[in-house]
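# Descriptive analysis of the structure
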Amino acid sequence: MELPFASERYASCVSFVEGARYGYHFGVSVGATRANPEIEKEQLMRHLQSAGYCLPQNVTNLQILKMVIAWLDDHPQALIRPAGYLVAPALNNTFPCPSD
């Protein structure tokens, strides 16, 4: 699926993916801090990396959106799930964190 850059649909998709990304990280962060209220910033960052994906520093919203769309195109069986559950697996597979 190709989205016109300046379209309302494009803006909606970028907003949805960004919201899902932040929601995912927020949920992981809340879980980690509830399990250990004294968690250090470095520990939390390691926990976030082990729970999912690591975006390159210079990746753009358009690139992220294109990667999510490409993953969805390659995994049509996933489309039966609610949309909010699809962003994290797409990013996990596209931008895995380096293993230590």
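Note that the structure is a prediction, hence the values are computed from the model and not measured.

As a packed pair, helix 1 (residues 8–35) and helix 3 (residues 61–74) sit with axes 10 Å apart at the nearest point and diverge in direction by 85°. With respect to each other, helix 1 and helix 3 are oriented roughly perpendicular. Packed against helix 1, whose contacting residues are Tyr-10, Cys-13, Val-14, Val-17, Glu-18 and Arg-21, the element helix 3 presents Asn-61, Leu-62, Ile-64, Leu-65 and Val-68 at the interface. In the contact of helix 1 with helix 3, the residues fall into 8 nonpolar, 1 polar and 2 charged.

Moving on to helix 1. Look at helix 1: 40 Å from first C-alpha to last across 28 residues, which is about the 40 Å you get at 1.5 Å a residue. Looking at helix 1, one finds that the buried residues are Tyr-10, Val-14, Val-17, Glu-18, Ala-20, Arg-21, Val-28, Ser-29 and Ala-32.

This part is about the state of the cysteines. Note on terminology: a disulfide is the covalent bond linking the sulfur atoms of two cysteines. If you walk through the whole model with that rule in mind, you get 1 disulfide. Note on cysteine connectivity: Cys-54 is disulfide-linked to Cys-97, with sulfurs 1.9 Å apart. One quick way to see it: the torsion about the S-S bond of Cys-54 and Cys-97 is about 95°, and its sign makes the bridge right-handed. Taken together, the positions of Cys-54 in the loop between helix 2 (41–50) and helix 3 and Cys-97 in the segment after helix 4 (87–94) put the pair 43 residues apart, joining distant regions of the chain.

Looking now at the packing of helix 1 against helix 4. When two helices pack together, their arrangement is captured by the angle between the axes and the distance separating the axes. Here helix 1 crosses helix 4 at 85°, and the two axes come no closer than 9 Å. Considered as vectors, helix 1 and helix 4 are oriented roughly perpendicular to each other. Contact residues: helix 1 offers Phe-16, Val-17, Ala-20, Arg-21 and Tyr-24, while helix 4 offers Val-87, Ala-88, Leu-91 and Asn-92.

Analysis parameters
- Residues numbered from 1 in each chain as written.
- Predicted model: local features only at pLDDT ≥ 70, side-chain atom pairs only at ≥ 80, totals over all residues.
- Heavy atoms only, no water.
- Axes fitted to C-alpha atoms, helices over the stretch in contact; angles between N-to-C directions.
- Helix = DSSP H or I, 4+ residues; strand = E, 2+ residues; numbered from the N terminus.
- Parallel < 35°, antiparallel > 145°, perpendicular 65-115°, else oblique.
- Contact = heavy atoms within 4.5 Å.
- Nonpolar A, V, L, I, M, F, W, Y, C, P; charged D, E, K, R; others polar.
- Expected span 1.5 Å × (residues − 1).
- Buried < 20%, exposed > 50% of the residue type's maximum accessible area, 1.4 Å probe, protein only.
- Disulfide = S-S within 2.5 Å.

So, to be careful, I would describe these as geometric facts and stop short of saying anything about function.
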